[in-house]
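The lines below spell out each chain.
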Amino acid sequence: MEKGTLVEFRVQGDRRLGVVDRPDGKTRWFVVDERGQSHSLAPRQITYTVNGQSYKPADIASFLEQVKPYLDPSSLEVAWELLVEDGETVTPPAMANLLFSQSDGPHCYAAYCLLSDDKLYFKQKGDTYEPRTTTQVAERKHQLEVEAQKAKGQQEFLARVEQALTGEAVEWQRHDRQRLEAIEKYAALVADVVRMGVNYDSLPRAYPPPGPVLETMTMLGRPATPQGAFQLLVDLGWWSPNENLFLRRSSIPVQFPSKVLEVAQQRLDSPPSDLDTDRLDLTHLKVYTIDDESTTEIDDGLSWELLPDGRERLWVHIADPTRLLVPEDDLDLEARKRGSTVYLPTGMVPMFPEVLATGPMSLVQGRVCCALSFGIVLDTTGQVEDYSIHPSFIKPTYRLTYEDVDEMLELGVQAEPEIAAIAMWAKRRKTWRYAQGAISINMPEAMIKVKGDEISIDILDDSSSRQLVAEMMILAGEVAARYGQAHKIPLPFRGQPQPELPPEEELLQLPAGFVRACAMRRCMPKSEMSITPVRHAGLGLDTYTQATSPIRRYSDLLTHFQLKAHLRGQVLPFSAEQLKEVMMTVTSITQEVTMVERQTNRYYALEYLRRYPEQVWQVTVLMWLREDSNLALILLEDLGLQLPMSFRRSVSLGEQLLVKVSLADPQKDMIHFQEIIYQEALN
């Protein structure tokens with residue numbers, strides 16, 4: 001090339017014109033741009049050469065001014081229409097002649113710029129440009145429209161994101177929701193990390209983001225990691241800072257399908273005919289329902305009556321949701337899919353739609369309700385002497401809380417002698433069960449509640465009222481199982497193998513109380529389900545099934561379906577094999593529910609502790625998790641929480657000490673304590 005030749009080259013993708021000054025070695029050239037900057041270029045870096053005359057760097061600006069009027073992309077369409085039929089290729093000089101009837105330097109460069117920038121009508125083939133076919137142009141136009149629409153959508157999405165980030169209310173569009181829902185799924189991976197114990201910091205490598213998520217996060221300038229996705233959703237107000245990722249990652253449905261809600265409303269408006277036409281009328285009995293104040297699904301009530309022969313009969317009345325169901329109908333299958341009501345610190349996810357669960361399915365005070373009633377006579381030791389089971393009508397008299405009943409028992413309220421009688425029989429019943437080998441393990445249990453941003457943790461009190469209700473529910477479960485056993489009815493029987501407890505002398509070496517109870521708890525085998533009767537060692541019963549929470553536990557609902565059909569003399573809705581299959585499905589689901597409940601409670605326990613870094617807690621060392629590395633399980637006595645702690649010194653089981661939280665990160669499921677010496681605690 002000669003000195004003074006005007007050439008085009010690219011700097012970071014941008015066009016730049018320069019004038020050839022002199023050679024740089026054998027193959028390169030020094031080129032000076034309009035700013036006077038010198039560039040050493042190889043031939044391949046030069047994208048266009050302006051032929052015809054010699055230039056100086058000072059001429060570049062005026063050259064570009066001459067080119068500017070001809071840079072109209074729409075003019076290419078005319079040229080394309082002339083050339084497409086023959087499919088002729090064209091050079092920039094030929095295009096300049098065709099478009100401008102001139103082919104000097106500025107016109108040729110203008111034609112080159114139009115052709116090289118064009119994405120619609122022409123494609124480059126070496127130094128020439130070939131017109132695309134009519135079909136190709138139509139496809140390209142459609143593609144460019146799609147890309148333009150996408151770019152517009154992205155800009156509008158970005159604008160709405162900015163609105164949301166400033167706290168403004170945003171009306172998210174359908175495509176926005178698709179983007180955010182994809183980010184939700186990716187952000188919820190954090191829950192998997194906690195559950196599986198994956199290194200939290202390895203998340204981006206272990207779980208690279210899907211394409212749509214990567215595109216959105218990059219567009220927003222956010223890190224494309226599960227943590228980054230989580231923070232974005234929080235910043236947008238799409239999620240709360242304490243979003244329940246465990247629930248989101250589970251298969252547990254939170255909302256009911258519209259079809260199920262429609263069916264629920266139909267059952268509410270037009271209840272089906274009652275198959276139990278001979279219900280026993282027990283509306284004359286005084287019925288007590290005893291629950292926590294916040295309970296809305298009331299599924300059990302208690303009565304006591306004196307029989308003409310002087311014996312006393314206890315009644316356990318259980319809500320009768322099967323009155324509104326048919327096995328395998330929409331409501332039944334939805335309840336089966338859920339397995340049970342999910343109880344979380346933030347609220348519950350019900351097994352049945354609320355309009356039914358808290359309405360006609362529940363035992364509502366002052367209303368005549370359908371129930372399945374267990375009438376039971378105990379002998380003086382607390383053993384079942386006689387029983388009967390009836391579909392019934394009852395009319396709950398009092399809705400009481402556990403605190404109400406504790407107060408009544410403490411004060412000996414004369415107006416309600418039935419409560420005292422039921423409590424007396426509950427004590428006898430418990431004594432009898434322990435004589436049969438029942439095992440008592442008393443450990444404090446934390447009850448965590450979240451309301452708004454407030455977290456409260458209380459210890460669930462094992463009060464007289466709670467023991468009373470528990471004994472009556474266990475009693476009804478034994479009676480239901482005995483009926484099933486006597487009549488060879490397949491039921492979801494629940495059992496527990498006999499545990500191999502430590503020898504008495506070994507237990508006595510452990511500190512009494514929580515440490516000893518913790519050691520016994522470790523030896524307790526898991527309960528198991530069976531369609532045939534099996535002993536429940538923990539309860540001290542030869543046969544047992546759960547039947548007292550059919551609104552909240554699907555296995556209890558199965559028991560009701562089977563018992564009620566047999567009481568009516570009808571074919572059982574589930575054969576042994578069918579019941580076994582359904583139970584396997586439900587057991588798998590309820591295990592997941594239990595896991596989500598446990599993980600959510602632990603999350604809020606850590607979040608609660610995170611908020612009180614200066615609080616000093618008294619703890620008891622319960623058991624070793626890894627004695628060789630001084631990792632133990634401790635009990636925070638004021639909260640009923642059991643958490644791990646690493647010690648820097650030797651400690652003994654049962655030792656009590658004071659600690660503070662040094663680190664709590666609920667998202668990473670991390671908690672670290674530091675021991676506080678007594679003098680420091682006083683300060």
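What comes next is a walk through the structure. Source: prediction; values computed, not measured. (Residues numbered from 1 in each chain as written. Predicted model: local features only at pLDDT ≥ 70, side-chain atom pairs only at ≥ 80, totals over all residues. Heavy atoms only, no water.)

### Digging into the packing of aromatic side chains
Formally: By convention, a stacked pair of Phe, Tyr or Trp rings (six-membered ring in the case of Trp) has centres within 6.5 Å and planes under 30 degrees apart, an edge-to-face pair has planes over 60 apart, and any other such pair is tilted. Strands here mean DSSP runs of E at least two residues long; helices mean DSSP runs of H or I at least four residues long; both are numbered from the N terminus. By definition, being over a ring means that NZ of Lys or CZ of Arg is both within 6 Å of the ring centre and within 35 degrees of the ring normal.
Scanning the entire structure with this criterion turns up 15 aromatic pairs. Both rings, one in Trp172 and one in Trp238, keep their centres 6.2 Å apart while their planes meet at 85°; by these two values the pair is edge-to-face. Here Trp172 is found in the loop between helix H5 (134-165) and helix H6 (174-187), whereas its partner Trp238 is found in the loop between helix H10 (226-235) and helix H11 (245-249), with 66 residues between them in sequence. An aromatic cluster is built from Tyr48, Tyr55, Phe63, Tyr109 and Tyr112, whose rings are joined through pairwise contacts. Note that Arg279 overlies the ring of Phe393, its terminal NZ or CZ placed 5.8 Å from the centroid. Directly above the aromatic system of Tyr434 lies the positively charged group of Arg433, at a separation of 5.4 Å from the ring centroid.

### Structural notes on the sheet that holds strand S3 (residues 28-33)
For sheets, the rule is that strands pair by backbone hydrogen bonds, running either parallel or antiparallel. The condition is simple: When DSSP finds at least two bridges between two strands, those strands are taken to pair. A fitted line through C-alpha atoms serves as each axis, taken over the contacting stretch for helices, and the angle formed by two N-to-C directions is quoted from 0 to 180°. Note on definitions: a residue-residue contact is assigned when non-hydrogen atoms from the two residues lie within 4.5 Å.
With antiparallel pairing, five strands are arranged side by side in an open sheet as S4-S3-S2-S1-S5. Strands at the two margins of the open sheet, each flanked by one partner only, are strand S4 (38-41) and strand S5 (46-50). Here the strands of the sheet are splayed against their neighbours by 40° on average, with no regard to which way each runs. Pairing analysis gives four bridges linking S3 to S4, with the strands arranged antiparallel. Pairing of Trp29 across the sheet is with Leu41, part of S4. Together, strand S1 (6-11), strand S2 (14-24), S3 and S5 form the strand contacts of helix H1 (residues 60-67), whose direction differs from that of S2 by roughly 140°.

### Some remarks on the nonpolar core
Convention followed: Side-chain atoms within 4.5 Å are what join buried Ala, Val, Leu, Ile, Met, Phe, Trp, Tyr and Cys residues into a set we call a nonpolar core. Categorising residues by exposure relies on relative accessible area from a 1.4 Å probe, with only protein chains included: less than 20% of the type maximum marks a residue as buried, more than 50% marks it as exposed, and the intermediate range marks it as partly exposed.
In terms of nonpolar packing, the biggest core is built from 38 residues, with Leu609, Trp617, Leu636, Leu639, Leu641, Phe647 and Phe673 touching the most fellow members. By residue number, the principal contributor to this core is helix H21 (residues 576-610), which donates nine residues. Discounting residues that sit within four places of it in the chain, Leu639 has contacts with Ala446, Ile457, Ile459, Tyr608, Leu609 and Trp617. Residues Leu468, Met473, Ala547 and Leu563 belong to the second largest nonpolar core, which totals 36 residues.

### Concerning the sheet that holds strand S23 (residues 641-646)
Taken in spatial order, the five strands line up as S23-S22-S21-S24-S25 in an open sheet, and their pairing is antiparallel. On the outer flanks of this sheet lie S23 and strand S25 (670-676), each paired with one strand and no other. Across the sheet, the mean angle separating the axes of adjacent strands is 45° when strand polarity is ignored. Direction of pairing for strand S22 (residues 631-636) relative to S23: antiparallel, over a ladder of six bridges. Bridge pairing in S23 links Leu635 to Gln642. Against the sheet, H21 touches strand S21 (617-626), S22, S23, strand S24 (656-665) and S25, its axis set at about 65° to S23.

### Overview of the packing of H6 against helix H9 (residues 211-219)
Stated formally: Working rule for angles: under 35 degrees goes down as roughly parallel, over 145 as roughly antiparallel, 65 to 115 as roughly perpendicular, anything else as oblique. Only Asp, Glu, Lys and Arg are considered charged, only Ala, Val, Leu, Ile, Met, Phe, Trp, Tyr, Cys and Pro nonpolar, and every remaining residue, Gly among them, polar.
Two numbers describe how H6 lies on H9: the axes approach to 9 Å, and their chain directions differ by 105°. Regarding the angle of H6 to H9, the classification is roughly perpendicular. Seen from H6, the contacting residues are Arg179, Ala182, Ile183 and Tyr186; seen from H9, they are Val213, Glu215, Thr216, Met217 and Met219. When grouped by side-chain class, the residues that make up the contact of H6 with H9 number six nonpolar, one polar and two charged.

### Considering the pairing of strand S11 (residues 312-319)
Counting buried positions over the eight residues of S11 gives six, a clear majority of the element. Taken together, the seven bridges between strand S10 (residues 300-306) and S11 define a ladder with antiparallel strand orientation. Across the sheet, Glu305 pairs through a bridge with Arg313, a residue of S11. Connecting the antiparallel pair S10 and S11 is a turn made up of five residues, with Gly310 showing a positive phi of about 90°.

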